[in-house]
Amino acid sequence: MRSRIEDLCCQMEEICRFCLPPEKERIIYTTEHFYVMVSLGPILEGYLLIISKQHIGACLHLPLEILDEFCKLKSKIYNILTEVYGGCIFYEHGKTGSCISDGQSHKHCFHAHLHCVPVNINFNDIIGQELIGENFSSFLSCYQHMKSVEKYLYVEDCKGVTVYQPHETLRKQYLRYKLSEALGVNDRWDWVKEQNWPLIERTISTLKPYFI
């Protein structure tokens with residue numbers, strides 16, 4: 001089992017780890033323009049990321065020519081996670097700068113990566129208690145209306161898609177924190193500190209056969 005990455009924060013000050021992913025064993029599937037990686041510090045088993053190979057700022061800023069590929073991959077992951085774990089939600093911090101520290105800019109934050117989480121909860125009901133959002137029927141509908149928006153939070157659950165445009169500075173890893181809180185695993189929200197390699201290895205073992 002891989003040991004904890006001790007210099008993670010230092011690495012992210014200098015490079016984007018999504019552009020040059022060093023732990024390639026976490027990548028379980030690739031397409032021409034994207035790869036699927038088991039999240040570092042998974043909140044629960046089956047937690048995946050869809051990541052663009054090109055350094056693109058956020059998922060709603062993907063070029064039109066690779067959008068169909070992204071949507072097909074997203075649908076594939078939804079079907080797999082729903083089959084294996086009984087549910088799937090998606091979210092993204094969308095260049096809000098809150099994925100590593102409170103409101104600060106890091107290249108790693110500003111690289112398109114969609115969180116794919118195997119749960120079946122009304123996550124928008126939770127986020128909507130604190131932030132005002134705009135509802136959409138699908139990712140594509142959202143993309144058509146919001147692709148010019150610079151900063152946003154994207155949340156897709158069983159009820160649909162909502163995009164939030166917070167004006168205030170969000171707490172560190174806001175959506176991860178809220179999800180961990182909702183699932184009763186408050187100690188797992190910080191993926192830099194709680195890397196959870198045993199759960200990463202269990203996820204790889206469980207899900208890799210579905211991507212062959």
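None of these values were measured; they are calculated from a predicted model. (Residues numbered from 1 in each chain as written. Predicted model: local features only at pLDDT ≥ 70, side-chain atom pairs only at ≥ 80, totals over all residues. Heavy atoms only, no water.)

**A closer look at the sheet that holds strand β7 (residues 153–157)**
Here comes step 1: Reading across the sheet, the eight strands line up as β1-β2-β3-β5-β4-β7-β8-β6 and stay open at both edges, with antiparallel pairing between neighbours. On the outer flanks of this sheet lie β1 (27–30) and β6 (133–136), each paired with one strand and no other. Sheet twist, expressed as the mean angle between neighbouring strand axes with direction ignored, is 20°.
Here comes step 2: Two elements, strand β2 (residues 34–38) and strand β3 (residues 48–52), share five bridges in a ladder whose sense is antiparallel. For Met-37, the partnering residue across the bridge sits in β3 and is Leu-49.
Here comes step 3: Seen against the sheet, helix α5 (residues 174–183) touches β4 (89–92), β5 (113–117) and β7 and runs at an angle of roughly 145° to β4.
Here comes step 4: In the packing of helix α6 (residues 197–207) onto the sheet, the strands contacted are β1, β2 and β3, and the crossing angle to β2 comes to about 125°. (Pairing = 2+ DSSP bridges. Helix = DSSP H or I, 4+ residues; strand = E, 2+ residues; numbered from the N terminus. Axes fitted to C-alpha atoms, helices over the stretch in contact; angles between N-to-C directions. Contact = heavy atoms within 4.5 Å.)

**Re the pattern of salt bridges**
Here comes step 1: The final tally for this structure, using the stated rule, is nine salt bridges.
Here comes step 2: With a closest N to O distance of 3.0 Å, Arg-202 and Glu-45 form a salt bridge. Residue Arg-202 is found in helix α6, and its partner Glu-45 is found in the loop between β2 and β3; the two are separated by 157 residues along the sequence.
Here comes step 3: Residue class for Arg-202 comes out partly exposed when judged on its relative accessible area of 45%. (Salt bridge = Lys/Arg side-chain N within 4 Å of Asp/Glu carboxyl O. Buried < 20%, exposed > 50% of the residue type's maximum accessible area, 1.4 Å probe, protein only.)

**Describing the pairing of β4**
Here comes step 1: A two-sided burial pattern is seen for β4, the buried positions comprising Ile-89 and Tyr-91 on one face and Phe-90 and Glu-92 on the other.
Here comes step 2: Note that β4 and β5 share three bridges and pair antiparallel. If you follow Ile-89 over to β5, its bridge partner there is Val-117.
Here comes step 3: The pairing of β4 with β7 spans three bridges and is antiparallel. Each residue of the ladder has a partner; that of Phe-90, found in β7, is Glu-156.

**Here we look at the packing of helix α2 (residues 67–85) against helix α4 (residues 139–146)**
Here comes step 1: It is the contact of α2 with α4, at a shortest axis distance of 11 Å, that shows an interaxial angle of 145°. Once α2 is placed against α4, the crossing between them reads as right-handed. Contacts between α2 and α4 involve Leu-67, Phe-70, Cys-71 and Lys-74 on the former and, on the latter, Phe-139, Leu-140 and Tyr-143.
Here comes step 2: Looking at the contact of α2 with α4, its residues break down into six nonpolar, no polar and one charged. (Left-handed = near helix turned anticlockwise from the far one by under 90°. Nonpolar A, V, L, I, M, F, W, Y, C, P; charged D, E, K, R; others polar.)

**Some remarks on the pairing of β3**
Here comes step 1: Of all five residues in β3, five are buried, a share of seventy percent or more.
Here comes step 2: Neither face of β3 is exposed, since Leu-48, Ile-50 and Ser-52 on one face and Leu-49 and Ile-51 on the opposite face are all buried.
Here comes step 3: Across four bridges, β3 lies against β5 in antiparallel orientation. In the strand pairing of β5, Leu-49 is matched with His-115.

**Section: unusual backbone geometry**
Here comes step 1: Within the chain, Gln-173 stands out as a residue other than glycine whose phi angle is a positive 50°.
Here comes step 2: Of the residues examined, Gln-173 reaches a relative accessible area of 0% and is grouped as buried.
Here comes step 3: Unusually for a residue other than glycine, Asn-196 sits at a positive phi of about 55°.
Here comes step 4: In this fold, Asn-196 is placed in the loop between α5 and α6.

**Details of the confidence of the model for the chain**
Here comes step 1: Looking at the chain, the pLDDT average stands at 89 and 88% of residues meet or exceed 70.
Here comes step 2: Helix α1 (residues 8–14) is the least confidently modelled element of the chain, averaging 61 in pLDDT, while α2 averages 98, the highest of any element.
Here comes step 3: Confidence over residues 100–105 falls short of pLDDT 50; this stretch has 19 contacts with residues more than four positions distant or in other chains. (pLDDT = per-residue confidence, 0-100.)

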